[in-house]
Amino acid sequence: MNPHLDKLHPYPFEKLRQLFAGVTPNPDYAAISLGIGEPKHPTPPFIQKALAHGVAGLANYPTTAGSDALRGAIAGWLERRYGVPALNPATQVLPVNGSREALFGIAHCVIDASKPAPLIVCPNPFYQIYEGAAYLAGAEPYFVNSEPGRNFGCDYASVPADIWPRVQLLYLCTPGNPTGATLSLDDWKQLFALSDQYGFVIAADECYSEIYHTSAAPLGALEAAHQLGRSGGETPYAKLIVFSSLSKRSNVPGMRSGFVAGDAAVIKKFLLYRTYCGGAMSPPVQAASIAAWGDEAHVQENRVKYREKFALVTPLLKEVMDVELPDAGFYLWADVRRSGLSDTEFARRLYAEYNVTVLPGSYLARDARGINPGSNRIRMALVAEVDEGVEAAQRIVQFCKSLKSH
């Protein structure tokens, strides 16, 4: 068996299952889960219809590269959303079956394990796929801690100079999971300079880009590259590859539809890689994806729902824990030290006493530089409808107040 498999950690939700083992939640309350980031808003009917109308395509083998129409729809959305110059759909865009498998696969495409001690830089906390991809590609993850004082941004200047020459790939998530933090143009300028100096590829996970709580949309990687003069010349978007998905934007997590875009040279190699191990997107899903990428009205309606939910829930929770409205995304990243409980004990007792599930922050991070930046925090996914989110918040407030009364 592949010895790298032994390096993999249990997934956070497996840890949560073990944490809750033997616990019977209070039967006076119906279960509410804020644990998994699975969108619960209804899938727009026009996407469902496009999926159904596309079933005739099941009689054909799809290509790994996807249809011209789908690549064109994705390129058009990127141009409209980020104000970037026209992308070449044939060379700069690649559909994928959700961003998860693509984020995992890019490490196998990029990493040259024959070089000494290759590294993949990851934010900490992080989406666990980054870590697993590093190990199974023959590299090691190097974690850069998010810092509350930097709005949960990572201080890449703190990485020792002897680390960067070993780095072949850098994962980042903007808006971040679980913190909701976004990158500024200065952040991107620093990262591009490091990539130019050391030659590593930047893999930007932007799956939460369309859920934001202010009037200004988060700055995208391609957008930042364009503003910094990196969208033209012989190698447009050099060493930059962006991942996105319809799951959160359009409430279709079961459709498994996303894309990769950016540096044509990286895309070319990734297409070759995926021809061997990446499943091609089914024709009905391609048809539904074309419809979804072409419509913004449903995205705006979805965003309004999240804004309403966060505007109601965040002030309630601020009474009993340290939590702020994030830049973007659908998570609250809360410090629960005021409760007197660790993040794991908080989650376990909340589940037992009020039947609300949250995810301990320590499960989403690793010990690095002497700390686990997820410790004493919980992640709450505000993915259900507004009433359920408010009910969950009210129970959490009751739980925290009951701790003070004992």
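Only a predicted model underlies this, so the values are computations on that prediction, with no experimental measurement involved.

Below, the discussion takes up the overall build of the protein chain. Per the secondary structure count, the protein chain includes 13 helices and 13 strands. Here the protein chain has a C-alpha radius of gyration of 21 Å; the compact-globule value for 406 residues is 22 Å, and the two agree. Over its C-alpha atoms, taken along the principal directions, the protein chain stretches across nearly 65 × 55 × 45 Å. By residue count, 56% of the 406 residues in the protein chain fall in the buried class. Looking at the protein chain alone, contacts between residues at least 24 apart form 75% of all its contacts between residues at least 6 apart. As displayed, the protein chain offers around 16700 Å² of accessible surface, 54% of which is attributable to carbon and sulfur atoms.

To continue, consider the UniProt feature "domain: Aminotransferase class I/classII large" (unreviewed entry) in the protein chain. The positions UniProt marks with the feature "domain: Aminotransferase class I/classII large" (unreviewed entry) are residues 32–382. Here residues 32–382 runs as 37% helix and 17% strand, with 11 Å between its end C-alpha atoms.

One can find Lys248 in helix α8 (residues 246–250). For the buried residue Lys248, which engages in no salt bridge, the nearest side chain bearing the opposite charge is Asp205, 7.2 Å off. Setting aside chain neighbours within four positions, we find Lys248 in contact with Gly37, Pro39, Cys207, Tyr208, Ile211, Asn302 and Phe330.

Relative to the assigned elements, Ala328 resides in the loop between α11 (297–318) and β10 (331–335). With relative accessibility at 1%, the residue Ala328 sits in the buried group. Sequence separation between Ala328 and Gly176 is 152 residues, and the spatial gap between their C-alpha atoms is 7.9 Å. The contact partners of Ala328, leaving out residues within four places of it in the chain, are Pro175, Gly180, Thr182, Ile211, Tyr212, His213 and Pro218.

It is worth spelling out the sheet that holds strand β13 (residues 377–381) at this point. Whenever strands of a sheet pair, they do so through backbone hydrogen bonds, lying parallel or antiparallel. Taking strand neighbours across the sheet as the criterion, the 3 strands line up as β10-β13-β12 in an open arrangement whose pairing is antiparallel. Looking at which strands have only one partner, the edges of the open sheet turn out to be β10 and β12 (359–360). Across 5 bridges, the pairing between β10 and β13 is antiparallel. Of the residues in β13, the one forming a bridge with Asp335 is Arg377. Of the strands in this sheet, β10 and β13 are in contact with α11, which crosses β10 at around 5 degrees.

Taken in spatial order, the 8 strands of this open sheet run β2-β9-β8-β7-β6-β3-β4-β5, and their pairing is mixed. The outermost strands of the open sheet, each flanked by one partner alone, are β2 (93–96) and β5 (153–154). Pairing between strand β8 (residues 240–245) and strand β9 (residues 258–262): 5 bridges, direction antiparallel. When the bridges of β9 are listed, Ser244 appears paired with Phe259. On the sheet, helix α6 (residues 185–198) packs against β6 (167–173), β7 (201–205) and β8 and is oriented at approximately 145 degrees with respect to β7.

Before going further, it helps to spend a moment on the pairing of β6. Judged by how many residues are buried, β6 sits mostly within the fold: 7 of 7 residues are covered. Pairing analysis gives 5 bridges linking β6 to β7, with the strands arranged parallel. Looking at the pairing, Cys173 lines up with Asp205 of β7.

Cut-offs applied
- Residues numbered from 1 in each chain as written.
- Predicted model: local features only at pLDDT ≥ 70, side-chain atom pairs only at ≥ 80, totals over all residues.
- Heavy atoms only, no water.
- Helix = DSSP H or I, 4+ residues; strand = E, 2+ residues; numbered from the N terminus.
- Rg over C-alpha atoms; globule rule 2.2 N^0.38 Å.
- Buried < 20%, exposed > 50% of the residue type's maximum accessible area, 1.4 Å probe, protein only.
- Contact = heavy atoms within 4.5 Å.
- Areas by Shrake-Rupley, 256 points an atom, 1.4 Å probe, with all protein chains shown as cover.
- UniProt positions renumbered as here; feature names shortened; annotations may be inferred.
- Lys, Arg positive; Asp, Glu negative; His and termini not counted.
- Salt bridge = Lys/Arg side-chain N within 4 Å of Asp/Glu carboxyl O.
- Pairing = 2+ DSSP bridges.
- Axes fitted to C-alpha atoms, helices over the stretch in contact; angles between N-to-C directions.

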